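Below, each chain spelled out in residue letters.
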Amino acid sequence: MNVNIAKSWEYILKEEFEKGYFNQLTAFVKAEYKQCSCYPKENQIFAAFDYCSFDDLKVVIIGQDPYHGVGQANGLCFSVNENIAIPPSLKNIFKEIETDLNQPFPVHGNLEFWAKQGVLLLNATLTVRAHDAGSHQKKGWEKFTDTVISQISLKKENVVFLLWGGFAKKKGAKIDKDKHYVLTSGHPSPLSANRGFWFGNKHFSKTNTFLKSKELEIIKW
């Protein structure tokens with residue numbers, strides 16, 4: 001794994017790349033990509049940072065693992081490539097946007113256009129072995145992404161954090177809630193959404209209302 005991250009983040013995370021655990025993580029990921037099929041493509045591992053610069057960052061959405069099916073993962077949490085069927089969780093995200101903002105259901109599930117507006121679509125674990133969910137967990141990625149969240153919390157102000165489900169809420173322990181706007185709800189997965197823990201959270205309109213109040217440009221969801 002070549003650590004090729006956007007310049008705006010390189011300065012923020014430089015020290016992390018030099019730590020022992022990250023060297024071990026790099027060796028593990030390199031070996032996995034050499035021996036097995038892994039996702040996303042190697043040049044998309046840090047795509048979340050490439051599309052959303054640190055300076056432009058306004059919103060953080062935290063996912064868990066990249067998709068592990070063929071051609072799905074593109075380095076942005078919840079996002080899939082344009083020619084891929086929209087997964088159930090993302091369908092429920094789009095359904096909530098549809099009712100919250102009264103806008104049409106998208107034709108594809110590629111969320112690059114969110115990222116380019118300042119939405120960091122960050123998975124807690126940035127890589128996965130094909131068809132093996134969670135296979136790259138507890139190898140160091142979680143420590144790295146905890147640092148990302150801590151650095152955002154420390155060095156930015158008025159960032160909106162959208163924490164969906166128990167896993168994301170735990171990552172939220174790193175956020176200074178006096179400096180930032182934190183919204184929580186159930187996960188958009190069918191299991192959680194169908195039990196009433198997702199639909200109606202209005203996170204997308206609430207995010208834009210907050211950004212407007214800080215005289216920041218709203219997100220075109």
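Source: prediction; values computed, not measured.

A. Structural view of the packing of aromatic side chains. Tallied over the entire structure, the rule returns 21 aromatic pairs. Measuring from centroid to centroid gives 6.2 Å for Y21 and F22, while their planes differ by 85°, and the two rings are edge-to-face. Look at Y21 and you get buried, because its relative accessible area is 12%. Residue F22 is classed as buried on the basis of its relative accessible area of 1%. Look at F46 and F49: their rings are 6.3 Å apart centre to centre, the planes differ by 50°, and that puts the pair in the tilted class. With respect to burial, F46 and F49 carry one shared label: buried. The structure contains a cluster of three or more aromatic residues connected by ring pairs, namely W9, F17, Y21, F22, F46, F49, F54, W141 and F144.

B. Structural view of the sheet that holds strand β2 (residues 59-63). The strand order across the open sheet formed by 4 strands is β3-β2-β5-β6, and the pairing between neighbours is parallel. Edge strands, defined here as strands with exactly one partner in the open sheet, are β3 (119-123) and β6 (181-185). Shown here is a sheet whose adjacent strand axes are inclined to one another by a mean of 20°, direction ignored.

C. Inspection of the environment of A130 at higher detail. Within the element layout of this structure, A130 appears in the loop between β4 (128-129) and α6 (141-155). A130 sits 62 residues away from H68 along the chain, and the two C-alpha atoms are 4.9 Å apart. Apart from the residues lying within four places of it in its own chain, the contact partners of A130 are S37, C38, Y39 and H68.

D. Geometry of the packing of helix α2 (residues 20-35) against α6. At their nearest, the axes of α2 and α6 sit 9 Å apart, and the two run at 125° to each other. The orientation of α2 relative to α6 falls into the category oblique. Crossing hand, α2 versus α6: left-handed. Where α2 approaches α6, its residues Y21, F22, L25 and V29 are matched on the opposing element by W141, K143 and F144. Across the contact of α2 with α6, the residue classes tally to 6 nonpolar, no polar and 1 charged.

E. Here's a closer look at the pairing of β2. Along β2, 5 of the 5 residues are buried, which leaves the element largely enclosed by surrounding structure. The alternating pattern of β2 places V59, I61 and G63 and V60 and I62 on opposite faces, both of which are buried. The sheet contact formed by β2 and β3 spans 5 bridges and is parallel. If you follow V59 over to β3, its bridge partner there is V119.

F. Looking closely at the pattern of salt bridges. For the structure on display, the rule yields 6 salt bridges. Across the pair E16 and K19 runs a salt bridge whose closest N-O atoms are separated by 3.0 Å. E32 is the partner of R129 in a salt bridge, and the nearest nitrogen-oxygen pair spans 2.8 Å. Of the two residues, R129 sits in strand β4 while E32 sits in helix α2, which places them 97 residues apart along the sequence. Looking at E32, the relative accessible area reads 8%, which means it is buried. Salt bridges sharing common partners tie together E32, R129 and D132.

G. Quick peek at the packing of helix α4 (residues 88-101) against helix α9 (residues 203-213). Viewed as axis vectors pointing N to C, α4 and α9 meet at an angle of 60°, and their least axial separation amounts to 8 Å. What the angle tells us is that α4 and α9 run oblique. When α4 is examined against α9, the residues I93, E96, I97, D100 and L101 are found in contact with a partner set consisting of H203, F204 and S205. Broken down by class, the residue content of the contact of α4 with α9 amounts to 4 nonpolar, 2 polar and 2 charged.

H. View of the nonpolar core. One finds W9, F49, I61, W114, L120 and F144 to be the most contacted residues of the largest nonpolar core, which totals 68 residues. Element by element, the count of residues in this core is highest for α2, at 6 residues. Aside from chain neighbours lying at most four places away, what touches W9 is F49, C52, S53, F54, L57, L120, V148 and I152.

Conventions we followed
- Residues numbered from 1 in each chain as written.
- Predicted model: local features only at pLDDT ≥ 70, side-chain atom pairs only at ≥ 80, totals over all residues.
- Heavy atoms only, no water.
- Phe/Tyr/Trp six-rings, centres within 6.5 Å; stacked < 30°, edge-to-face > 60°.
- Buried < 20%, exposed > 50% of the residue type's maximum accessible area, 1.4 Å probe, protein only.
- Pairing = 2+ DSSP bridges.
- Helix = DSSP H or I, 4+ residues; strand = E, 2+ residues; numbered from the N terminus.
- Axes fitted to C-alpha atoms, helices over the stretch in contact; angles between N-to-C directions.
- Contact = heavy atoms within 4.5 Å.
- Parallel < 35°, antiparallel > 145°, perpendicular 65-115°, else oblique.
- Left-handed = near helix turned anticlockwise from the far one by under 90°.
- Nonpolar A, V, L, I, M, F, W, Y, C, P; charged D, E, K, R; others polar.
- Salt bridge = Lys/Arg side-chain N within 4 Å of Asp/Glu carboxyl O.
- Core = buried A, V, L, I, M, F, W, Y, C linked by side-chain atoms within 4.5 Å.

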